[in-house]
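Breakdown of the fold
Each chain, written out:
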Amino acid sequence: MLKDSRLLFKLWLKNPRSIGAVAVSSPELAAAMARQVPKKLDGYVVELGGGTGSVTRALLAAGVPADKLVVIERDPTLHRYLSDHFPGVHVLLGDAVHLPNLLRRHEIAPVAAIVSSLPLLSLKRSIQLRIGAQAFAVLEPGAPLIQFTYGLFSPLPRERLGILGEVEERVLQNLPPASVWRFTKPSGARAILRKPARHRFSLRGRSKLDYAA
Ligand SMILES: C[S@@+](CC[C@H](N)C(=O)[O-])C[C@H]1O[C@@H](n2cnc3c(N)ncnc32)[C@H](O)[C@@H]1O
């Protein structure tokens, strides 16, 4: 873990916005993310922003088979590091912004869950929306997108993406403490990628904030 931390810190010094974390995710945070993955899997688990592999390790320990695990990492040094440390896992060098193309090129489908450590809070809103939309374009209906955040609020704009989401776990044993969110898309919901909705409306039994028109 010390070696992982040193590598991530070195890369963070060079490009803090892109790496997004000074320290690796703690085993407690990684395990909390892995707990949100459905036990009965009917497809691949795609991890976005593998970093040094703490979440990858937790997903394998939680029972995700190596050949059903796909890790996407944009940084070439980290991509090499992950490929060396996780033989048997599909480790792909690429950008989560181009997720559907990347998965299509490697014939990866269906996708039963996405687990993301991407530093969404340091990205522009337009990129957050694009990554969120791409993720739900590849997920099977009802399948979850799991994301941690150091922030107090949702790391994805739920209303504009037409998704539901809430905090499943708060993890204090991480530097800094983090929350694990689980997002899903209700069938029939549409994303509003161009303009934020002007008028919110109420759906019986649901939060006004949770739905797009
Ligand atoms: C917070 S770090 C990962 C932490 C990881 N759980 C760990 O403990 O090492 C975020 C990772 O996402 C990667 N990343 C950032 N933007 C990305 C993108 N658009 N596509 C793929 N990977 C990205 C960064 O290179 C970095 O490795």
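Please refer to the structure higher up on the page.
These lines cover the structure that appears in this document, whether it is placed above or below. (Residues numbered from 1 in each chain as written. Predicted model: local features only at pLDDT ≥ 70, side-chain atom pairs only at ≥ 80, totals over all residues.)

**Points about the site of the ligand**
Around the ligand, the surrounding shell holds 24 residues, and the nearest of these are Ala 21, Val 24, Gly 49, Gly 51 and Arg 74. Elements with a contribution of two residues or more to the shell around the ligand: helix H2 (16-19), helix H4 (54-61) and strand E2 (69-73). Grouping the amino acids of the shell around the ligand by side-chain chemistry returns twelve nonpolar, eight polar and four charged. (Near = placed C-beta within 6 Å. Helix = DSSP H or I, 4+ residues; strand = E, 2+ residues; numbered from the N terminus. Nonpolar A, V, L, I, M, F, W, Y, C, P; charged D, E, K, R; others polar.)

**Topic: the sheet that holds E2**
Sheet architecture is open: seven strands sit in the order E3-E2-E1-E4-E5-E7-E6, paired in mixed fashion. Two strands bound the open sheet, and with one partner strand each, they are strand E3 (90-93) and strand E6 (164-171). On average, each strand axis in the sheet is inclined to that of its neighbour by 20°, with strand direction left out of account. Summarising the sheet, strand E1 (residues 44-48) and strand E4 (residues 111-116) pair through five bridges and their orientation is parallel. (Pairing = 2+ DSSP bridges. Axes fitted to C-alpha atoms, helices over the stretch in contact; angles between N-to-C directions.)

**Quick look at the nonpolar core**
Among the nonpolar cores identified, the biggest contains 51 residues, and Met 33, Val 45, Leu 59, Ile 114 and Val 115 are the most heavily contacted of them. It is helix H3 (residues 27-35) that contributes the most residues to this core, six residues altogether. (Core = buried A, V, L, I, M, F, W, Y, C linked by C-beta atoms within 7 Å. Buried ≥ 20, exposed ≤ 12 C-beta atoms within 10 Å, placed from the backbone.)

**Let's talk about the environment of Leu 59**
Mapping Leu 59 onto the fold places it in helix H4. Judged by the 27 C-beta atoms lying within 10 Å of it, Leu 59 falls in the buried class. Taking C-alpha positions, Leu 59 is 8.9 Å from Val 45, a pair spaced 14 residues apart along the chain. Dropping the residues within four chain positions of it, Leu 59 is found in contact with Ala 34, Val 37, Val 45, Glu 47, Val 64, Leu 69 and Val 115. (Contact = placed C-beta atoms within 7 Å.)

**Digging into the pairing of E1**
Each regular strand carries side chains that alternate between the two faces of the sheet. Taken across its five residues, E1 has five buried, putting it largely inside the fold. Along E1, one buried face is formed by Tyr 44, Val 46 and Leu 48 and the opposite face, lined by Val 45 and Glu 47, is buried too. Pairing analysis gives four bridges linking E1 to E2, with the strands arranged parallel. Among the inter-strand pairings, Leu 48 is bridged to a residue of E2, identified as Ile 72. Following the backbone out of E1, through H4 and into the adjacent parallel E2, one traces a crossover that is right-handed. (Right-handed = clockwise from strand over helix to strand, strands pointing away.)

**Focus: helix H7 (residues 125-138)**
The end-to-end C-alpha separation of H7 is 20 Å, in line with the 20 Å expected for 14 residues at 1.5 Å each. If you check which residues of H7 are buried, you get Ile 131, Gly 132, Gln 134, Ala 135 and Phe 136. Of the surrounding elements, those touching the buried residues of H7 are helix H6 (99-105), E4, strand E5 (145-149) and helix H8 (158-161). (Expected span 1.5 Å × (residues − 1).)

**Observations regarding the environment of Asn 101**
Here Asn 101 lies in helix H6. Judged by the 12 C-beta atoms lying within 10 Å of it, Asn 101 falls in the exposed class. For the pair Asn 101 and Val 138, spaced 37 residues apart in sequence, the C-alpha separation works out to 9.9 Å.

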